[in-house]
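Notes for the structure review
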Amino acid sequence: MDVGRRRGSIRRDAAAGADADRPRLDVAAVGGVPAAARGARCGSEFLGMGECGMTITIGERRNGVQVSRPAAFAPAETYDVIVVGLGTAGALAAIAAAERGLRVLGIERLNAMGGTGTLGAVVGYYFGNKGGLFEEIDQEVQRLSGAAAYTKAGGVNADLKKLALERRALAAGVELRYECTAVGVYLEHNEVRGLRWIGPNGPDEAGCRIAIDCTGDAEIAAMAGASYRKGRELDGKAQPFSNALVWINDGAVHTFYTDSGYVDVEDAEDYARAVLESACVHTHQPERFEERRKFVKLAPLLGVREGRFIEGERQVTFADFLDDKETEEPIFYAYSNVDNHGKDMAFESENQRDWIVAASLWGLNFSVPVPLGALLPKGVGRLLVAGRALAVDHDLAPCVRMKRDMQKCGEAAGLAAALAIETGVPLTRLPYESLKPRLLEKGCLLAANHKGMRDGQPSMDEAMPSIRWLRDEADIQSGLDGEKPGLAIWSAKRLGGAMLPSLRAWAAQTERVHLRRHSAFALALLGDEAALPALRETMRERDGFFPKTSRKYNQARGYAAIYLLGKLGDETVVPELIDILRSREAFKNVSTDVEFINHDDEYFFQYFTFALRALFQIADRHPAERERVITAAREIVDEPSFALHVTMKPSKDVNFDMADTIRGVVRRQAEAWSTSQRQRENRVAARPGGSDVTE
Ligand SMILES: Cc1cc2nc3c(=O)[nH]c(=O)nc-3n(C[C@H](O)[C@H](O)[C@H](O)COP(=O)(O)OP(=O)(O)OC[C@H]3O[C@@H](n4cnc5c(N)ncnc54)[C@H](O)[C@@H]3O)c2cc1C
């Protein structure tokens, strides 16, 4: 196929395809109006503000702020579904909906389908679950890859994936608009009625019965005024991004990326800074390139791992996973480990620190059933959000965002939209028993995808048995006594009070160091102060043991103990923790885990940040410590020359200065304490007699 000509005639081809080949909807099922006619009539009769007296507003984001205003809206075209963003999820959403016979418009701000998996050069699969429409498309890519004319490529050939997606979309009748950026959403009583975008035609608009927001960053939901969250609890910071490059290795096209830094997806200036810094400083490194490995280009789409997360009708959270709470109405199962990319684990949530720092369970994979409600933004009707912006929290997102699963997410959204339109039932009330057979039919939903927990490399995953939490005390003791204690630590935590007597005895004995210290870790996770002696000793020794629980990114026992001392609020260690902040020279990297810690500064960074966060946690519980803690922290971080570098995963040579992140954490803590101090003073002043009875 001549791609140039095909691109030039997308609109006409698609329309012809719609008339000729596309499976048709049962006319009765969509209210007796044929799809093509429905477009024109809806535009004037049902969606126009003037004729029907409906109040249409347009939601936009202007200068970074959501605004709504009344708008005249009489679109020339109305579609069943408009998909915004034809990336990993959006491409599949558009195809799945069109293959059910819907009239679908796809809007994409770049000039191809596939998003991060094609234009973003993320061509590999990392975990995620098999099954569904995406596998048919990947098989087509595989078939095309065999053709002699195509350059060989690693992973899923990005250019062939674009082609396979586009062919399939056009065959299904999807109308494509490239170089078109959605900039507004038309709403009637908080229900989506259409989209506005800017592209080669200038501003343009169309009506729709349902919109699917696959922008990766919930841009449409945000324009509509839906609530969303961004980043982690402590300071709102998201996962690091990567600026991926494409190169030729021994005659084949491959891609390469390390984490490049941080970006705020809501800030255009910051976005430009991130692109420029990562391109100029990290990515164009001549030493990476040689005769057999030639630079080709930077990927046109920045590799953003995390942006907005909608607040959904249902939330899918890490806390729920830890509490064994899961939906019984999954539309697909996500599957991965908590693939957190940050090096500043001390600033993550307590749940993540328990899991990844205290138990070193970074590498444990688990499946997460995702309900339809996690794709439905609260308070906005006729809108689905598919892709990485679905209603997960920052802690669980690294497990849910993998490409296979995001393609399933898009497919499920397309099928849900089709069912809602065919039956006239709102998305929020769609009966699961009607949707489920459609999801099962294509393999988007597979019972076998609910794998539970497994441990291993992506390539070995299918052969790995599922893992169960330990219940037998002897098994737990033996796990705690070894070099892979994570499963035993977490199993003991789950068993709770029943384990306390044994854990206390094991943490009190001194002959078996692993058993003593790992038992103390489990005790600390249970909030038991019998852990303190072993934790203090582990901290003082700067215990350099790295457990072997995970295949990589295990955490040193020395600073993990500091985390747990903070969790227990042990004020006796405050002077020692302040000393740690001041003793950079004392930290020589003794790491055996060269993937996580690559130099002395980075080793000190871990001790520094864990000590800082522990001090804050302790002083939260013991207000008398606040003044000396914040003074000590400020003395250090307010120094203009203060710098602390970490390497960005998985490189050993891309360094990033974390000083501003640390300063931000200190500033926030100081503000929080001074606010609570003021509130306490106000309360005291308001009390008769002015007594300060409680904190
Ligand atoms: C650097 C990096 C490495 C990764 N590595 C892996 C890996 O090895 N294996 C794995 O399985 N997963 C990996 N992932 C995760 C996975 O690739 C992503 O989570 C997933 O691709 C996100 O899919 P999405 O559909 O949400 O977003 P995307 O695929 O990014 O699609 C969003 C699309 O929306 C378009 N868009 C945005 N705004 C608008 C607008 N206003 N109007 C019109 N169009 C718009 C964009 O141009 C884009 O095409 C990685 C991610 C990153 C960033």
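The shown structure was predicted, so the numbers you read here are calculated from the model rather than taken from an experiment.

Basis of the calculations
Residues numbered from 1 in each chain as written. Predicted model: local features only at pLDDT ≥ 70, side-chain atom pairs only at ≥ 80, totals over all residues. Heavy atoms only, no water. Helix = DSSP H or I, 4+ residues; strand = E, 2+ residues; numbered from the N terminus. Rg over C-alpha atoms; globule rule 2.2 N^0.38 Å. Buried < 20%, exposed > 50% of the residue type's maximum accessible area, 1.4 Å probe, protein only. Areas by Shrake-Rupley, 256 points an atom, 1.4 Å probe, with all protein chains shown as cover. Lys, Arg positive; Asp, Glu negative; His and termini not counted. Charge placed at Lys NZ, Arg CZ, Asp CG, Glu CD. pLDDT = per-residue confidence, 0-100. Contact = heavy atoms within 4.5 Å. Pairing = 2+ DSSP bridges. Axes fitted to C-alpha atoms, helices over the stretch in contact; angles between N-to-C directions. Salt bridge = Lys/Arg side-chain N within 4 Å of Asp/Glu carboxyl O. 1 Å grid on protein atoms, 1.4 Å probe; cavity = no way out; pocket = protein on both sides within 12 Å on 5 of 7 lines; lining within 4 Å. Points joined across faces, edges and corners; volume = space filled by probe spheres on them. Nonpolar A, V, L, I, M, F, W, Y, C, P; charged D, E, K, R; others polar. Near = heavy atom within 4 Å. Polar contact = N/O pair within 3.5 Å; in protein donor to acceptor, adjacent residues only side chain to side chain. Sits in = over half its atoms within 2 Å of the grid points. Arc of directions from axis to C-beta. Phe/Tyr/Trp six-rings, centres within 6.5 Å; stacked < 30°, edge-to-face > 60°. Lys NZ or Arg CZ within 6 Å of the ring centre and 35° of its normal. Expected span 1.5 Å × (residues − 1).

Looking only at helices and strands, one finds 24 helices and 21 strands in the chain. Rg of the C-alpha trace for the chain: 27 Å, near the compact-globule value of 26 Å for 695 residues, within the 12% margin. Dimensions along the principal axes, computed over C-alpha positions, put the chain at roughly 80 × 75 × 55 Å. A burial count over the chain gives 57% of its 695 residues as buried. Within the structure as shown, the chain displays about 27,500 Å² of accessible surface, and the carbon and sulfur contribution to it stands at 50%. In the chain, 89 side chains carry a positive charge and 98 a negative one; their mean positions are 2 Å apart.

Another aspect to go through is the confidence of the model for the chain. Predicted coordinates in regions of low pLDDT should not be interpreted in detail. Chain-level pLDDT for the chain is 90 on average; 91% of the residues reach the 70-or-more range. In this model residues 1-53 is a low-confidence stretch, pLDDT under 50, and it forms 80 contacts with partners more than four residues away in sequence or in other chains.

So, about the sheet that holds strand β17 (residues 364-371). Spatial strand order, β16-β17-β19: three strands in an open sheet with antiparallel pairing. Whereas interior strands pair on both sides, the edge strands pair on one side only; in this sheet they are β16 (330-336) and β19 (453-455). Averaged over neighbouring strand pairs, the angle between their axes works out to 25° when direction is ignored. Of the pairings in the sheet, the one linking β16 to β17 comprises six bridges and is antiparallel in character. Its bridge partner being in β17, P330 is matched across the sheet by P371.

As a further point, take the sheet that holds strand β12 (residues 252-256). Strand order in the open sheet formed by three strands is β12-β11-β14, with antiparallel pairing between adjacent strands. Of all the strands in the sheet, just β12 and β14 (293-298) have a single pairing partner and so form its edges. Across the sheet, the axes of successive neighbouring strands diverge by a mean angle of 30°, strand direction being ignored. Where strand β11 (residues 245-249) lies against β14, five bridges are found, and the strand directions are antiparallel. Following the sheet pairing, L245 is matched in β14 by L298.

A few words on the pattern of salt bridges. The tally for this structure, following the rule as stated, stands at 58 salt bridges. One salt bridge connects D159 with K162, and the closest N-O pair in it is separated by 3.0 Å. Highlighted residues: D159 and K162, both in helix α7 (residues 158-172), separated by three residues, approximately one helical turn. Take D159: its relative accessible area is 49%, and that puts it in the partly exposed class. Residue K162 is classed as buried on the basis of its relative accessible area of 14%. Each of R516, R517, E537, E541, D543 and R557 takes part in a single network of salt bridges with overlapping partners.

Turning next to the layout of surface pockets. Considering only enclosed or pocket space, the largest pocket measures out at about 1,200 Å³ in volume. Lining the largest pocket are 48 residues; nearest its centre among them are T116, V122, R305, R401 and K403. Class assignment of the residues belonging to the lining of the largest pocket gives a composition of 23 nonpolar, 14 polar and 11 charged. In this model, the second largest pocket occupies a volume close to 680 Å³. At the level of elements, α10 (318-322), β17 and α16 (486-495) are the ones that each hand at least two residues to the lining of the second largest pocket.

On to the side chain of D354. Relative to the assigned elements, D354 resides in helix α11 (residues 350-358). Judged by relative accessible area, which is 4%, D354 ranks as buried. Apart from the residues lying within four places of it in its own chain, the contact partners of D354 are A359, W490, L525, Y563 and K567.

What follows concerns the site of the ligand. In the region of the ligand, 33 residues are neighbours, and T88, E108, T116, E219 and R401 sit closest. Between the ligand and C214 there is a distance of 3.5 Å, counted from an oxygen atom to a backbone nitrogen or oxygen. Here an oxygen atom of the ligand sits 2.8 Å away from a polar atom, N or O, in the main chain of K403. Taken by itself the ligand offers 1,000 Å² of open surface, and the protein chains cover 96% of this. When atoms are counted within 2 Å of each cavity's grid points, the one that captures over half of the ligand is the largest pocket. Elements with a minimum of two residues in the shell around the ligand: α5 (88-99) and β6 (181-188). In terms of residue class, the shell around the ligand is made up of 14 nonpolar, 12 polar and seven charged.

Inspection of every chain in the model, using the stated rule, returns five cavities of 30 Å³ or more. By volume, the largest cavity is sized at about 90 Å³. Forming the walls of the largest cavity are 14 residues, and the residues nearest its centre are T88, G114, G117, K161 and Q407. Sorting the residues of the lining of the largest cavity by element identifies α5, α7 and α13 (403-423) as the ones contributing at least two each. Ranked by residues supplied to the lining of the largest cavity, first place goes to α5 with three residues. Here the lining of the largest cavity is built from residues that sort into six nonpolar, six polar and two charged.

Next up on the list: helix α15 (residues 473-480). What α15 keeps buried is the set I476, G479 and L480. Buried residues of α15 fall within an arc of 95° about the axis and therefore sit on the same side. Those residues of α15 that are buried are in contact with α16, α17 (500-508) and α18 (513-525). At the N-terminal end of α15, a side-chain oxygen is found 3.0 Å from the backbone nitrogen of A474, two or three residues along, and the residue is D472.

What follows is about the packing of aromatic side chains. Under the counting rule described, the total for this entry stands at 27 aromatic pairs. A centroid spacing of 6.0 Å and a plane angle of 85° characterise the contact between W355 and F366, whose relative ring orientation is edge-to-face. Placement of W355 in helix α11 and of F366 in strand β17 is noted, with a sequence separation of 11 residues between them. Under the relative-accessibility criterion, W355 is labelled buried at 0%. Note on F366: relative accessible area 1%, which makes it buried. A centroid spacing of 4.7 Å and a plane angle of 40° characterise the contact between F587 and Y607, whose relative ring orientation is tilted. With F587 in the loop between α21 (574-581) and α22 (600-621) and Y607 in helix α22, this pair connects stretches of sequence that are 20 residues apart. Of the two residues, F587 and Y607, neither departs from the other in class, the shared state being buried. Linked through ring pairs, Y559, F587, Y603, F604, Y607, F608, F610 and F642 together constitute an aromatic cluster. The side chain of K237 reaches across the aromatic face of Y262, ending 3.8 Å from its centre. The ring of Y335 has K451 sitting right over it, with the charged end atom 4.1 Å from the ring centre.

In this model, α7 (15 residues) spans 21 Å end to end at C-alpha, consistent with the 21 Å of a helix rising 1.5 Å per residue. Taken across its 15 residues, α7 has 11 buried, putting it largely inside the fold. Of the residues making up α7, those classed as buried are A158, L160, K161, K162, L163, A164, L165, E166, A169, L170 and A172. In this structure N157 caps α7, since a side-chain oxygen of it lies 3.1 Å from the backbone nitrogen of D159.

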